[in-house]
Amino acid sequence: MRSVVLLTFAVAAVLAASPHAVAAAPMTADEAVAIALQKSGDIVRADASVLNARSGLWGAYSFVMPSVTLQGSRGGDNTRDSRGFQAFGSAPIPNFSKDFVGYNGSWGLTGSWAILDPSRIVGLSSARAGMKAAELGNKSSRADVRLAAKVVFYNTVKAMHLARVQAQALKLARDDERRVRALFEVGSVSKSDLLKAQVRTASAQLDSTLADHDVVTTRRLLAAQLGIQEGQLGEIDSTLSNEHPTLDPTGVLEEARKNRPDIQAAEASMKSAELALRSAHWARLPSVILQGAYTPNSVTSSNFTRGVFDVTNGAFLGEAHTDLSSKTKDDVRGSIALTMPIFDGFATDSRVAAARGQLLNAKETHDALLRNLEAEVHQVLLSYQAYENMNLVQQKYNVGSATILDLIDAQVQLQRSASELVSALADIKVAEAAVDRVRGKAV
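Residues numbered from 1 in each chain as written. Predicted model: local features only at pLDDT ≥ 70, side-chain atom pairs only at ≥ 80, totals over all residues. Heavy atoms only, no water.

Brief notes about the overall build of the protein
As a reminder, the rule being used: Comment: elements are numbered from the N terminus, with helices defined as DSSP H or I runs of at least four residues and strands as E runs of at least two. Only protein chains enter the area calculation, which uses a 1.4 Å probe; residues under 20% of their type maximum are buried, those over 50% are exposed, and those in between are partly exposed. What makes two residues a contact is simply this: any of their non-hydrogen atoms within 4.5 Å. Note on areas: these come from Shrake-Rupley sampling with a 1.4 Å probe, and a residue is covered only by the protein chains present in the view.
Counting its secondary structure elements, the protein contains 10 helices and 6 strands. When each of the 443 residues of the protein is scored for burial, the buried share is 37%. Relative to all contacts within the protein whose residues are 6 or more apart in sequence, the contacts with residues 24 or more apart total 84%. Surface accessibility of the protein: about 25600 Å² in total, with carbon and sulfur atoms responsible for 55%.

Description of a nonpolar patch on the surface
What counts is decided by this rule: By definition, no residue in a patch forms a salt bridge, and every one has over 30% relative accessible area; like charges are joined within 9 Å, nonpolar side chains (Val, Leu, Ile, Met, Phe, Trp, Tyr) within 5 Å. By convention in these notes, a salt bridge is any Lys or Arg side-chain nitrogen within 4 Å of a carboxyl oxygen on Asp or Glu.
A cluster of nonpolar side chains, contributed by Val68, Leu70, Trp107, Leu109, Tyr294 and Val332, occupies part of the molecular surface with about 630 Å² of accessible area. Within the secondary structure, Val68 sits in strand β1 (residues 67-82).

Some points on unusual backbone geometry
Residue Asp330 is not a glycine yet carries a positive backbone phi of 50°. Residue placement: Asp330 occurs in strand β6 (residues 316-339). With a phi angle near 70°, Phe346 is a residue other than glycine that sits in the positive phi range. When you line up the elements, Phe346 lands in the loop between β6 and α8 (347-388).

Section: the pattern of salt bridges
According to the stated counting rule, one finds 17 salt bridges in the structure shown. A salt bridge links Glu230 to Arg219; the nearest nitrogen and oxygen atoms lie 2.8 Å apart. Placement of the pair is Glu230 in the loop between α5 (191-226) and α6 (249-259) and Arg219 in helix α5, with a sequence separation of 11 residues. Residue class for Glu230 comes out partly exposed when judged on its relative accessible area of 30%. Close ionic contact of Glu254 with Lys258 constitutes a salt bridge, the shortest N to O distance being 4.0 Å. Here Lys258 and Glu254 lie together in helix α6, a separation of 4 residues that amounts to about one turn. Exposure remark for Glu254: the relative accessible area of 37% places this residue in the partly exposed category. Overall, Lys258 belongs to the exposed group, its relative accessible area being 55%.

Details of the packing of aromatic side chains
The following threshold applies: Between 30 and 60 degrees the pair is tilted, below 30 it is stacked and above 60 it is edge-to-face, where a pair is any two Phe, Tyr or Trp rings, Trp via its six-membered ring, whose centres lie within 6.5 Å. Both a distance and an angle decide whether a charge sits over a ring: NZ of Lys or CZ of Arg must be within 6 Å of the ring centre and within 35 degrees of the ring normal.
Using the criterion set out here, one finds 2 aromatic pairs in the structure. Ring plane angle 90° and centroid distance 5.3 Å describe the contact between Phe153 and Tyr154, whose orientation is recorded as edge-to-face. Phe153 gets classed as buried once you look at its relative accessible area, which sits at 2%. According to the relative accessible area criterion, Tyr154 is buried, its value standing at 10%. An angle of 85° between the planes, with centres 5.5 Å apart, marks the rings of Phe343 and Phe346 as edge-to-face. Across this residue pair, the class does not change: Phe343 and Phe346 are exposed. For the cation-ring pair, Arg120 lies above Phe63, with the distance from its terminal atom to the ring centre recorded as 4.0 Å.

Some remarks on the nonpolar core
Rule in force here: For our purposes a nonpolar core is just a set of buried Ala, Val, Leu, Ile, Met, Phe, Trp, Tyr and Cys residues, chained together by side-chain atoms within 4.5 Å.
Membership of the largest hydrophobic core comes to 29 residues, with the highest contact counts inside it found for Phe153, Leu222, Leu226 and Leu233. For this core, the elements supplying multiple residues, two or more each, are α2 (29-39), α4 (118-185), α5 and α10 (404-438). In terms of residue count, α4 provides more of this core than any other element does, 9 residues in total. Apart from residues lying up to four places away in sequence, Leu226 is in contact with Met27, Ala32, Ile35, Ala36, Lys39, Ala149 and Leu233. Leu253, Ile263, Leu381 and Ile428 belong to the second largest nonpolar core, which has 15 residues in total.

By themselves, these figures tell us nothing about what the structure is for.
Spelled out as structure tokens, the structure:
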């Protein structure tokens, strides 16, 4: 009972101590995750994948939806003092038009619609499945970033607590060395006991220095994971709770099968690849295309002056002025065409082969996730349960000593147990984040 009380007191003192002034609002694990989800390069790339998939979806829609274009044109021609000759039989005859002025203009609508194109219709379904896969892949990437941020965050918290433990262990080692030296000077202990105490102090000094370095290193790793400068981290919330839920392996596995976004994304990718292969095969089928045009108004006008000649002798007779114009209203045109590829230079065969390869890759990715899912869940739960067992840590300390040296050894053991307890508490937080990731909860 005494060992449990002493261990609890030591751990409480370690968790409450702080080497720096506590900030008004230290960064929590959830805040670190929120920053990572905004700054992480993995999230940026996942968002880009969604945009690429959306582009492919819109492109697939463009092949099956009607296409309508508004057209308008206005043109003119102005020719001054045009002269020349024209051969009439074997005799050259002057023929010229002094002036020519003309213009034309029209506006209207043109459109086309592939009302029956099996390959493009199935391609649209494939693009929809690809869009769903990209969105689920984005959720999976967010879950990975969430897990990675929590792992680095709690590693930083663990390093902070261990640095405090090692600082207290160093203080305890120095106090012990002074007591042993005093006992040695009065002849109560041997020289070897004093040397052992000095070795413990040196070892504690080294451990404390290394622990301080670990704090600096883990803070830099955390900043890199969050995509910010190390100086922007500020204070970190180092609270560690010892309350953890009990997990049912069967329930966790069932949740993982239903909720994991990476598995759902793999299923959507496989469906998209299957439809893409069908679309490639159906490119050999005939398609029906409807085309049409509507011109509400079209105007053409010209004015020119030309020379008039006697066709018998080529004599110039004078000039003639001519005005020509035409107008068209409500010009409607339409056509329907049936096309069927006969030979396209193996373009369809190339598309089929590429689609089949994509399907094989998508199917293998999906099957591999399902094959490894049960083992992944089992491994994560084993880690969680191992870290959760605090009784093993508490049973390591047993006082019941008769001499002052035994008491010193017991105090050192208490500090080691406190260190292991802090590590276990932080590792539980990491294991909890891993469990949430494996069951599809952290999305």
